[in-house]
Amino acid sequence: MKLQEEMLIVSQKEVAEDIFELVLQGDLVNDMEIAGQFLQLKVPSQDLLLRRPISISSWNKQEKTCTLLYRRGDKTTGTYLLSKMVAGQAIDILGPLGKGFPVDEVTETDHVLIVGGGIGVPPLYELAKQLSKKGCQITVLLGFARAEVKILEEQFVQLPNVQVKVATDNGSYGYQGHVGHLLNQLDQEADAVYACGASMMLKAVATKFESLERLYLSMEARMACGIGACYACVVPDKKDPTHALKVCQDGPVFKGNGVVI
Ligand code: FAD
Ligand code: FES
């Protein structure tokens, strides 16, 4: 199994305000199977030693491509330099890394809820593709700060068996309010729940579905190595607070009752 590669940039474009879609091509795509895993990107600067962890949003095995969506920071950041890279350039990539969203136990009779917030939405798209193929019924709740930073809604809508609801904090698109408000309007029980987004949103999801066995939350943490060697990314284990879990290796996706948010 290959873990590091100079992948080719096939395309890069701004798809929402300060949000870029980056399509990469290379052999690492052969190892992409589980939605929710991430790549460590080396931005082209000798001053920036740490890689940037970015989730895999989707992949295409035939074309050996994968798509990432990331938010560009200000001019001092690595993602700003990343956004200046163009098609035809190569970028040093490590991955796919971490544990993703388990889908094996989901059956076609299940109602699955997917909850995403902001730049936490991208890995949920490949997840929805995989669940949609299983034939189960899927409700997707997406929350964004405002219409200008909304991403991937059209792609989710096109998937079979998927119903999508969008909320924006300022009401410029969809329901006005936090995505947590959409949770309270659900008229159907969920058999499995998957979520990725800010910790406030994850807390709301974890509280509402605390007794659900199949609750999976994707966590974010500052990372250095990304491969379990440095302890930069630890979070407390809910079952044993003296034990630390590494978000890069034990996660980023955890069972909802397994980690302190
Ligand atoms: P800088 O300020 O230059 O970063 C300085 C250092 O801090 C870098 O090492 C950087 O990696 C780290 N850092 C800064 N902010 C964060 C953060 N929020 N989380 C983790 N490390 C941070 N962002 C996306 O836009 N799209 C994604 O799909 C995505 N997936 C992620 C998946 C995982 C598992 C994790 C842990 C984070 C993910 N992030 C994603 C967040 C992304 O890694 C940070 O926004 C990014 O690293 C910030 O880098 P920068 O160059 O803009 O900022
Ligand atoms: Fe080094 Fe997780 S980033 S252990």
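Residues numbered from 1 in each chain as written. Chains lettered and ligands numbered in written order. Predicted model: local features only at pLDDT ≥ 70, side-chain atom pairs only at ≥ 80, totals over all residues. Heavy atoms only, no water.

Caption draft 1: Seen up close, the site of ligand 1. Lining the immediate environment of ligand 1, one finds 19 residues, of which Arg-52, Pro-53, Arg-71, Thr-79 and Glu-220 sit closest. Within the contact set of ligand 1, an oxygen atom lies 2.7 Å away from a backbone nitrogen or oxygen of Gly-78. Between ligand 1 and Arg-222, the relevant distance is 2.9 Å, taken from an oxygen atom to a side-chain nitrogen or oxygen of the residue. About the coverage of ligand 1: the protein hides 82% of its 840 Å² of free accessible area. Secondary-structure elements contributing two or more residues to the shell around ligand 1 are β4 (52-55), β6 (65-71) and α1 (78-83). Looking at the shell around ligand 1 element by element, the count peaks at 4 residues for β4. Broken down by class, the residue content of the shell around ligand 1 amounts to 10 nonpolar, 4 polar and 5 charged. (Near = heavy atom within 4 Å. Polar contact = N/O pair within 3.5 Å; in protein donor to acceptor, adjacent residues only side chain to side chain. Areas by Shrake-Rupley, 256 points an atom, 1.4 Å probe, with all protein chains shown as cover. Helix = DSSP H or I, 4+ residues; strand = E, 2+ residues; numbered from the N terminus. Nonpolar A, V, L, I, M, F, W, Y, C, P; charged D, E, K, R; others polar.)

Caption draft 2: Local environment of unusual backbone geometry. Across the junction of Gly-95 and Pro-96, the peptide omega takes the value -5°, indicating a cis bond. In this structure, Pro-252 follows Gly-251 across a cis peptide bond, with omega equal to 10°. Locating Pro-252 in the fold gives a position in the loop between β15 (244-246) and β16 (253-255). One non-glycine residue, Lys-64, adopts positive backbone phi at about 55°. Relative to the elements of secondary structure, Lys-64 occurs in the loop between β5 (58-60) and β6. Here Lys-64 falls in the partly exposed class, since its relative accessible area comes to 31%. Non-glycine residue Tyr-231 carries a positive phi angle of around 65°. Tracing the chain through its elements places Tyr-231 in the loop between β13 (215-218) and β14 (234-236). (Buried < 20%, exposed > 50% of the residue type's maximum accessible area, 1.4 Å probe, protein only.)

Caption draft 3: Representation of the packing of aromatic side chains within the structure. For the structure on display, the rule yields 4 aromatic pairs. Ring pairing ties together the aromatic residues Phe-101, Tyr-194 and Tyr-216, which thus form one cluster. When the ring centre of Tyr-173 is taken as reference, the NZ or CZ atom of Lys-150 above it lies at 4.5 Å. (Phe/Tyr/Trp six-rings, centres within 6.5 Å; stacked < 30°, edge-to-face > 60°. Lys NZ or Arg CZ within 6 Å of the ring centre and 35° of its normal.)

Caption draft 4: The sheet that holds strand β11 (residues 175-176), seen in detail. Taken in spatial order, the 7 strands line up as β11-β10-β9-β8-β12-β13-β16 in an open sheet, and their pairing is mixed. One side of each edge strand has no neighbouring strand; the edge strands of this open sheet are β11 and β16. Contacting β8 (111-117), β9 (137-144), β10 (162-168) and β12 (192-196), helix α2 (residues 122-134) runs over the sheet at an angle of about 165° to β8. (Pairing = 2+ DSSP bridges. Contact = heavy atoms within 4.5 Å. Axes fitted to C-alpha atoms, helices over the stretch in contact; angles between N-to-C directions.)

Caption draft 5: Spatial organisation of the pairing of strand β1 (residues 4-16). Of the strand pairs in this sheet, β1 and strand β7 (residues 90-97) are connected by 5 bridges, and their pairing is antiparallel. Along β7, the bridge assignment pairs Glu-6 with Asp-92. The hairpin turn running from β1 into strand β2 (residues 19-25), its antiparallel successor, is 2 residues long, and Asp-18 in that turn takes a positive phi close to 65°.

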